[in-house]
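# Descriptive analysis of the structure
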Amino acid sequence: MARRAFTITAAALTATTALLLTGCGGDASSDDIEGADAGSSSPSASAAASTPAGVERPEITIPSSFKLTFADWKSDDPEKQAVLDDGREQLRAGYAAIIENDLDSEALAFYDTKAGLSQDQEWIRSYTDKNLTVVGELPVYDPEAELFAENTKAQLRYCTDESGARTKHRKTGKETGNPPGTEPNVAYTVTMTKNAQGVWQTVSTTSERGGCS
């Protein structure tokens, strides 16, 4: 089973210094960008609104050096919107953990099951073990949520475009993009389950480079 495609320079850093970021091409209008407020540390309004009363969401901060943007991240179905909201926050938590060099991110643990967290920690370690962070811009778009098992399980699919994303070495400052000829579009499939608090948590993530239409 394929694991999450490693952002921009993390997957192919064995023989060369390149890693892969994951994505599908697409333009995000200013109306659709949730993560472009890179300095924001509080949960998005839509995510907070979809959470049952009494559930305290973690604060997630992403610096302006990495613009994680979300286009058309909306659904007319409130249950599907909750899946979109929690899936977005989980992805933001993952990149925040990479940037903060934090394998024990409380925010990521909030949005992951135990199995999901183990997989995501492996993904994060592919950067932190090489002293890398992420910079640039990563559009996330074409989301599609599907519900199962009386709305207790879900599958979230989306695309990313790695064209403008790079990895940066924390000490040398060297920035690396995808190797020439690498398909920048990556399709993701995220399996999710709703916990007792009503939060949609990620169980597993798979990816397919070039899988976006």
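Source: prediction; values computed, not measured.

Here the focus is the confidence of the model for the protein. Residue-level pLDDT values for the protein average 82, and 75% of them are 70 or greater. Here helix α1 (residues 45-50) stands out as the element of the protein with the lowest mean pLDDT, 47, in contrast to strand β3 (residues 153-161), whose mean of 98 is the highest. Here residues 6-50 is modelled with pLDDT under 50, and outside its nearest four sequence neighbours on either side it reaches 169 contacts, counting other chains as well.

All right, on to the packing of helix α2 (residues 78-100) against helix α4 (residues 114-128) then. Running from amino to carboxyl end, α2 crosses α4 at an angle of 35°, the nearest separation of the two axes being 9 Å. α2 and α4 meet at a crossing whose hand is right-handed. Residue-level inspection shows Gln 90, Gly 94, Tyr 95, Ala 97 and Ile 98 of α2 in contact with α4, the latter providing Asp 120, Trp 123, Ile 124 and Tyr 127. Broken down by class, the residue content of the contact of α2 with α4 amounts to 6 nonpolar, 2 polar and 1 charged.

With that settled, the discussion passes to the side chain of Ser 105. Here Ser 105 lies in the loop between α2 and α3 (106-111). With relative accessibility at 8%, the residue Ser 105 sits in the buried group. Of note is the side chain of Ser 105, whose polar atom sits 3.4 Å from the backbone nitrogen of Ala 107. Only 3.1 Å separates the side chain of Ser 105 from the backbone nitrogen of Leu 108, close enough to count as a polar contact. Setting aside anything within four residues of it in sequence, one finds Ser 105 in contact with Ala 93 and Ala 97.

In this section: the packing of aromatic side chains. Tallied over the entire structure, the rule returns 7 aromatic pairs. Between Phe 70 and Trp 73, the ring centres sit 5.1 Å apart and the planes meet at 75°, which makes this aromatic pair edge-to-face. Residue classification places Trp 73 among the buried positions, given a relative accessible area of 6%. Both rings, one in Phe 110 and one in Tyr 111, keep their centres 4.8 Å apart while their planes meet at 80°; by these two values the pair is edge-to-face. Exposure class is identical for Phe 110 and Tyr 111. Each is buried. One aromatic cluster is present, formed by Phe 66, Tyr 95, Trp 123 and Tyr 127 through successive ring pairs.

What follows covers the pattern of salt bridges. Inspection of the entire model under this criterion finds 9 salt bridges. Across the salt bridge formed by Arg 57 and Asp 86, the nearest N and O atoms sit 2.5 Å from each other. Of the two residues, Arg 57 is situated in the loop between α1 and β1 (66-70) and Asp 86 in helix α2; the sequence distance between them amounts to 29 residues. Between Glu 89 and Arg 88 there is a salt bridge, with its nearest N and O atoms 3.0 Å apart. One network of salt bridges, with partners in common, ties together Asp 85, Arg 88, Glu 89 and Arg 92.

Quick notes on the rules
Residues numbered from 1 in each chain as written. Predicted model: local features only at pLDDT ≥ 70, side-chain atom pairs only at ≥ 80, totals over all residues. Heavy atoms only, no water. pLDDT = per-residue confidence, 0-100. Helix = DSSP H or I, 4+ residues; strand = E, 2+ residues; numbered from the N terminus. Contact = heavy atoms within 4.5 Å. Axes fitted to C-alpha atoms, helices over the stretch in contact; angles between N-to-C directions. Left-handed = near helix turned anticlockwise from the far one by under 90°. Nonpolar A, V, L, I, M, F, W, Y, C, P; charged D, E, K, R; others polar. Buried < 20%, exposed > 50% of the residue type's maximum accessible area, 1.4 Å probe, protein only. Polar contact = N/O pair within 3.5 Å; in protein donor to acceptor, adjacent residues only side chain to side chain. Phe/Tyr/Trp six-rings, centres within 6.5 Å; stacked < 30°, edge-to-face > 60°. Salt bridge = Lys/Arg side-chain N within 4 Å of Asp/Glu carboxyl O.

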